[in-house]
Amino acid sequence: MQIKAAGAAFALVLLAAPWVFSSSLGLNLLTQMGIAAIVCLSYNILLGQGGMLSFGHAIYSGLGAFAAIHALNAAVLPVSLVPIVGGLAGAGVALLLGWLTAQKSATTFAMVTLGLGELVAALAWLLPEVFGGEAGVSGNRVMGASPWGITFGPQLQVYYLVAAYTLVCTVLMFAFTLTPLGRMLNAVRDNPERVEFVGYDTRRIRFLAVVIAGFFAGMGGGLAALNFETVTADVLGSQRSGAYLLFTFLGGSGHFFGPVVGAVLMVLANVLLSGITKAWLLYVGLVFIAMVVWVPGGVVSLAGRLRWRHVPRYAARALGFAGFAAMVEMAYQLQLLAALGPQVRFMGLTLDATSGLSWAGAAATLGVGVFLGKRI
């Protein structure tokens, strides 16, 4: 009953979100969140359900995106079905690479995926006729027939296409967790020796998990190709794979909807936070370290165990972090002093990077936050 209620609530959120965030920026963010949710959920099939730390998941989403953009340009399918080409491409690549990666687990699996990820990323620059070189490959989603007047030109139509795929893919991936294969994947994660002892092949189970994860990652890549109408070799890089790992963990890899929360955070960080401050990667890294140390279950687990008595402690830590962030912003401003001047806006305040008073205030805020965070 709770599962059905959660699914209905998720579908309702997808349906109503564009009416709440109806601006062009809001629709674009929502579309990217839906795409990221599919890819992060697919990554969690490996990380959360199978215990497989992959550094090459961008292979499947990236090659799925390239396959989708080429299918779009070839006009062999209706635009709404192009993401399926990306999914099939991701699964096809996983059939080839998964056989190799699934032979080992733990650290060896992680290192093999890292090497394959770098290999594919380098290969993209050597085949410009396929991957487009520095310019990438562009397409036009507003082409062909327009059934019921749907051209996928307006961002709202693209969002609802992404929302439909997000809902279907989420349901299918949740259903996978309830299948015997999904349960055996959990067993391989927890006790592979016992799984082998009762007669199951752990390598085959990992291999099938990689193929399934590759299919859904490729589906997400195909949707991204439709949304942006261009695909570059950057989508295959290790930075993209690292982002999937980081934000899936931040959301909560031990919970099914944790990667969805992580996907939302990933889009907000990449689009909004990066536009606010040049030090956004530093903040993301610090938050990741803090979550690993204090809240390894992710944001979802934090929300589940948060109590009113904890609010003062977290507020004090947030105060300390604000003081630290103010110092970081002033340090960045000093590097840009000749171009932009000494003043920087931070949380509604105007700070002077050359003023000792501003630095003293930021340091005092950091000190008070740390002191209260330990005392409360």
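This text gives an overview of the structure that appears in the document. (Residues numbered from 1 in each chain as written. Predicted model: local features only at pLDDT ≥ 70, side-chain atom pairs only at ≥ 80, totals over all residues. Heavy atoms only, no water.)

**Here's the deal with the state of the cysteines**
- For the coordinates displayed, the defined rule picks out 0 disulfides.
- With no disulfide of its own, Cys 40 has Cys 169 as its nearest cysteine by sulfur position, at a separation of 13 Å.
- For Cys 40, a relative accessible area of 0% puts it in the buried group.
- Residue class for Cys 169 comes out buried when judged on its relative accessible area of 2%. (Disulfide = S-S within 2.5 Å. Buried < 20%, exposed > 50% of the residue type's maximum accessible area, 1.4 Å probe, protein only.)

**Some thoughts on a nonpolar patch on the surface**
- Together, Leu 25, Val 264, Leu 265, Leu 268 and Leu 272 line one region of the surface with nonpolar side chains, adding up to about 340 Å² of accessible area.
- Per-element tally for the nonpolar patch: the top contributor is helix 12 (residues 258-276), with 4 residues.
- We classify Leu 272 as partly exposed; its relative accessible area is 34%. (Patch = residues over 30% accessible without salt bridge, like charges linked within 9 Å, V, L, I, M, F, W, Y side chains within 5 Å. Areas by Shrake-Rupley, 256 points an atom, 1.4 Å probe, with all protein chains shown as cover. Salt bridge = Lys/Arg side-chain N within 4 Å of Asp/Glu carboxyl O. Helix = DSSP H or I, 4+ residues; strand = E, 2+ residues; numbered from the N terminus.)

**Quick look at the packing of aromatic side chains**
- Evaluation of the coordinates by the stated rule reveals 9 aromatic pairs.
- The interplanar angle of 90 degrees and the centroid separation of 4.8 Å between the aromatic rings of Phe 66 and Phe 131 together place this pair among those described as edge-to-face. Placement of the pair is Phe 66 in helix 3 (residues 58-74) and Phe 131 in helix 6 (residues 128-131), with a sequence separation of 65 residues.
- Given a relative accessible area of 2%, Phe 66 falls into the buried group.
- Take Phe 131: its relative accessible area is 8%, and that puts it in the buried class.
- Ring-pair connections join several aromatic residues into one group, and the members of that group are Phe 10, Phe 174, Phe 256 and Phe 257.
- Cation over ring: Arg 317 sits above Trp 294, and NZ or CZ is 5.6 Å from the ring centre. (Phe/Tyr/Trp six-rings, centres within 6.5 Å; stacked < 30°, edge-to-face > 60°. Lys NZ or Arg CZ within 6 Å of the ring centre and 35° of its normal.)

**Side note on the pattern of salt bridges**
- By the definition in use, this model includes 3 salt bridges.
- Across the pair Arg 141 and Glu 229 runs a salt bridge whose closest N-O atoms are separated by 3.7 Å. A residue pair is termed long-range when its members are at least 10 positions apart, and Arg 141 in the loop between strand 1 (137-138) and helix 7 (155-178) and Glu 229 in the loop between helix 10 (202-228) and strand 2 (230-231) qualify at 88 residues.
- The exposure class of Arg 141 is buried, given its relative accessible area of 7%.
- By relative accessible area, which is 23% here, Glu 229 ends up partly exposed.
- The shortest N-O distance in the salt bridge between Arg 189 and Asp 190 comes to 2.9 Å.
- Classification of Arg 189 by relative accessible area gives partly exposed; the value is 36%.

**Observations regarding the side chain of Arg 141**
- From its side chain, Arg 141 meets the backbone oxygen of Gly 153 in a polar contact 3.4 Å long.
- At 2.9 Å, the side chain of Arg 141 and the backbone oxygen of Asn 227 are in polar contact.
- Beyond its immediate stretch of four places on either side in the chain, Arg 141 contacts Leu 72, Val 79, Thr 151, Phe 152, Gly 153, Gln 155, Val 158, Leu 226, Asn 227 and Glu 229. (Polar contact = N/O pair within 3.5 Å; in protein donor to acceptor, adjacent residues only side chain to side chain. Contact = heavy atoms within 4.5 Å.)

**Remarks on the environment of Val 188**
- Positionally, Val 188 belongs in helix 8 (residues 180-190).
- C-alpha separation for the pair Val 188 and Gly 50, spaced 138 residues apart in sequence, amounts to 6.6 Å.
- Among residues more than four places away in sequence, those in contact with Val 188 are Val 195, Thr 202, Ile 205 and Arg 206.

**A closer look at the pairing of strand 3 (residues 343-346)**
- Only one face of strand 3 is buried, namely the one carrying Val 344 and Phe 346, since none of Gln 343 and Arg 345 on the opposite face is buried.
- Summarising the sheet, strand 3 and strand 4 (residues 349-352) pair through 4 bridges and their orientation is antiparallel. Within strand 4, the position partnered with Gln 343 by the bridge is Asp 352. (Pairing = 2+ DSSP bridges.)

**Observations regarding the nonpolar core**
- Within the largest apolar cluster, 88 residues are counted, with the highest numbers of intra-cluster contacts made by Ile 45, Ile 59, Tyr 60, Met 173, Leu 236 and Phe 247.
- The element that contributes the greatest number of residues to this core is helix 2 (residues 24-47), accounting for 14 residues.
- Excluding its chain neighbours within four sequence positions, the residues that come into contact with Leu 236 are Ala 58, Ile 59, Gly 62, Leu 63, Phe 66, Gly 117, Val 120, Ala 121, Ala 124 and Phe 131.
- Counting 11 residues, the second largest nonpolar core, distinct from the first, contains Tyr 283, Ala 326, Val 328 and Leu 351. (Core = buried A, V, L, I, M, F, W, Y, C linked by side-chain atoms within 4.5 Å.)

Function cannot be read off these values alone, since they describe shape.
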